[in-house]
Amino acid sequence: MTKEPHIVVVDDHRDIRDLLKEYLTQHGFRVSVAESGAALRPIVEREKVDLIILDIMMPGEDGLAVCRQLRRTNEVPIIFLTAMADDTDKIIGLELGADDYLVKPFNPRELLARIKAISRRSASTSPAPDPATREIMSFHGWRLNLRRRELQAADGLGIALSTAEFRLLKVFLDHPHRVLSREQLLDLTVGRTADPFDRSIDNQVSRLRKKIEPDPKNPAIIQTHWGGGYSLSVNVELL
C-alpha cells in the first residue's frame with residue numbers, strides 16, 4: 001500500500017492541474033486531479049485525502065462553495081488558489097476553514113513550502129491522548145465536545161459553530177489567561193506563512209463573542225488587549 005501523502009488538485013484549467021501533478025509527484029506526493037467540486041467529491045468519498053489544493057474562481061460551483069460543503073463533514077487541509085489580489089476572498093476562505101492560500105501566478109516551490117508547513121502543523125497538533133477522558137473542555141458554564149465539535153450551554157442548549165469559530169475557540173481554550181496576538185491566532189488556527197489579516201481574526205472573535213458572552217459589548221470571557229491581541233480570561237477544565 002502506498003505511503004505517499006495524497007493531494008488532490010482541483011482547478012478548471014487543465015494546464016495548471018497537469019503542472020502541479022507533475023511537480024508534486026516529483027516531490028514524493030501521490031496526486032489526483034479534478035476539474036470541479038463535483039469531480040472532487042467521489043475522490044474524497046472513496047479515498048483518504050491528506051490535502052486539497054482548491055481554485056476559488058471556477059465556473060458554476062466556485063471554490064468557496066466547495067470548501068463550505070466539505071467543511072460540513074471533513075477537516076482535510078485546504079489551500080486556496082486565487083487569481084484575485086483582493087483580500088475579501090482570502091478572508092472569506094480562511095473563515096470558512098481553509099488552511100492557507102496562494103495568489104496566481106505563483107511559484108510551485110512556494111506551494112510546496114506551504115504544503116510542508118501545513119503537514120508539520122498537522123503532525124504537531126494531532127492529539128491523542130485518551131479521547132474518552134479528554135473529550136470535553138469546560139469553561140464559564142460552557143462545554144465544548146471536541147470529538148463532536150459541539151458547544152453546549154449550561155442549560156443544555158446546543159450552539160452551532162463554524163469550522164473557523166471552533167478552531168479559534170479551541171486555541172483560546174488551549175491557552176487560557178495568555179495574551180495571543182492576531183499573528184499568533186492566525187498561525188495557530190490556519191498555520192499560514194503569509195501576511196496576517198487582522199480583520200479576519202477580529203471578525204471571528206466578534207462572532208464568537210456573540211455566541212458565548214453574556215454581554216458581547218462588554219466581554220468577560222475573551223478579553224481585548226489593545227495593541228496586544230486577545231486572551232481567554234476564564235479557567236478551563238478537561239473532562
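If you're wondering where the values come from, they're calculated on a predicted model, not measured in any experiment. (Residues numbered from 1 in each chain as written. Predicted model: local features only at pLDDT ≥ 70, side-chain atom pairs only at ≥ 80, totals over all residues. Heavy atoms only, no water.)

Caption draft 1: Region of interest: the layout of surface pockets. If you add up the space inside the second largest pocket, you get close to 290 Å³. Forming the boundary of the second largest pocket are 18 residues, of which Arg71, Arg72, Leu161, Ser162 and Thr163 lie nearest the centre. Among the elements of the structure, α4 (87–96), β8 (150–152), β9 (158–159) and α6 (163–174) are those that each provide at least two residues to the lining of the second largest pocket. (1 Å grid on protein atoms, 1.4 Å probe; cavity = no way out; pocket = protein on both sides within 12 Å on 5 of 7 lines; lining within 4 Å. Points joined across faces, edges and corners; volume = space filled by probe spheres on them. Helix = DSSP H or I, 4+ residues; strand = E, 2+ residues; numbered from the N terminus.)

Caption draft 2: Main features of helix α1 (residues 14–26). The first and last C-alpha atoms of α1 sit 18 Å apart over 13 residues, in line with the 18 Å expected at 1.5 Å per residue. Considered for burial, the residues of α1 that qualify are Ile16, Arg17, Leu20, Tyr23 and Leu24. Seen end-on, α1 carries its buried residues on one side only, within an arc spanning 145°. The outward face of α1, more than 90 degrees from its buried face, is lined by the exposed residues Arg14, Asp15, Glu22 and Gln26. (Expected span 1.5 Å × (residues − 1). Buried < 20%, exposed > 50% of the residue type's maximum accessible area, 1.4 Å probe, protein only. Arc of directions from axis to C-beta.)

Caption draft 3: Representation of the pattern of salt bridges in the model. What the rule picks out here adds up to 16 salt bridges. The salt bridge involving Glu47 is made with Arg46; its shortest N-O contact spans 3.4 Å. Looking at Glu47, the relative accessible area reads 25%, which means it is partly exposed. Lys48 is paired through a salt bridge with Asp50; the nearest N and O atoms lie 2.3 Å apart. Look at Lys48 and you get exposed, because its relative accessible area is 61%. Put simply, Asp11, Asp55 and Lys104 are held in one network by salt bridges that share partners. (Salt bridge = Lys/Arg side-chain N within 4 Å of Asp/Glu carboxyl O.)

Caption draft 4: How the structure looks around the nonpolar core. Judged by nonpolar contacts, the single largest core of 25 residues is most densely connected at Phe139, Leu169, Phe172, Ile212 and Ile222. Contributing elements (two or more residues each) for this core: β6 (136–139), β7 (142–145), α6, α7 (182–190), α8 (198–212) and β11 (229–232). For Phe139, the residues in contact, after removing those within four places along its chain, are Leu151, Leu169, Leu173, Ile212, Ile221, Val234, Asn235 and Val236. Membership of the second largest hydrophobic core comes to 22 residues, among which are Val8, Val10, Leu64 and Ile78. (Core = buried A, V, L, I, M, F, W, Y, C linked by side-chain atoms within 4.5 Å. Contact = heavy atoms within 4.5 Å.)

Caption draft 5: Examining the packing of helix α2 (residues 37–46) against helix α3 (residues 63–70) more closely. Relative to each other, α2 and α3 sit at 25°, their axes nearing to 11 Å. Here α3 runs roughly parallel to α2, going by the angle between their axes. Crossing handedness for the pair α2 and α3: right-handed. On α3, the residues touching Gly37, Leu40, Arg41 and Val44 of α2 are Val66, Gln69 and Leu70. Split into classes, the residues belonging to the contact of α2 with α3 amount to 4 nonpolar, 2 polar and 1 charged. (Axes fitted to C-alpha atoms, helices over the stretch in contact; angles between N-to-C directions. Parallel < 35°, antiparallel > 145°, perpendicular 65-115°, else oblique. Left-handed = near helix turned anticlockwise from the far one by under 90°. Nonpolar A, V, L, I, M, F, W, Y, C, P; charged D, E, K, R; others polar.)

Caption draft 6: Geometry of the sheet that holds β6. With respect to topology, 5 strands assemble into an open sheet ordered β9-β8-β7-β6-β12, the strand pairing being antiparallel. Strands with a single pairing partner mark the edges of an open sheet, and in this sheet they are β9 and β12 (237–238). In terms of strand pairing, β7 meets β8 through 3 bridges, oriented antiparallel. In the sheet register, Arg143 faces β8, and the bridge partner there is Gln152. Across the face of the sheet, α6 comes into contact with β6, β7 and β8 while running at roughly 70° to β6. (Pairing = 2+ DSSP bridges.)

Caption draft 7: Structural detail: the pairing of strand β1 (residues 6–10). Across the 5 residues of β1, 5 count as buried, placing the element largely inside the fold. Taking every second residue as pointing to the same face, both faces of β1 are buried, with His6, Val8 and Val10 on one and Ile7 and Val9 on the other. Judged from the 5 bridges that link them, β1 and strand β2 (residues 30–34) form a sheet pairing that is parallel. Considered in β2, the bridge of His6 is made with Arg30. As defined by bridge partners, β1 adjoins strand β3 (residues 51–55) across 4 bridges and the pair is classed as parallel.

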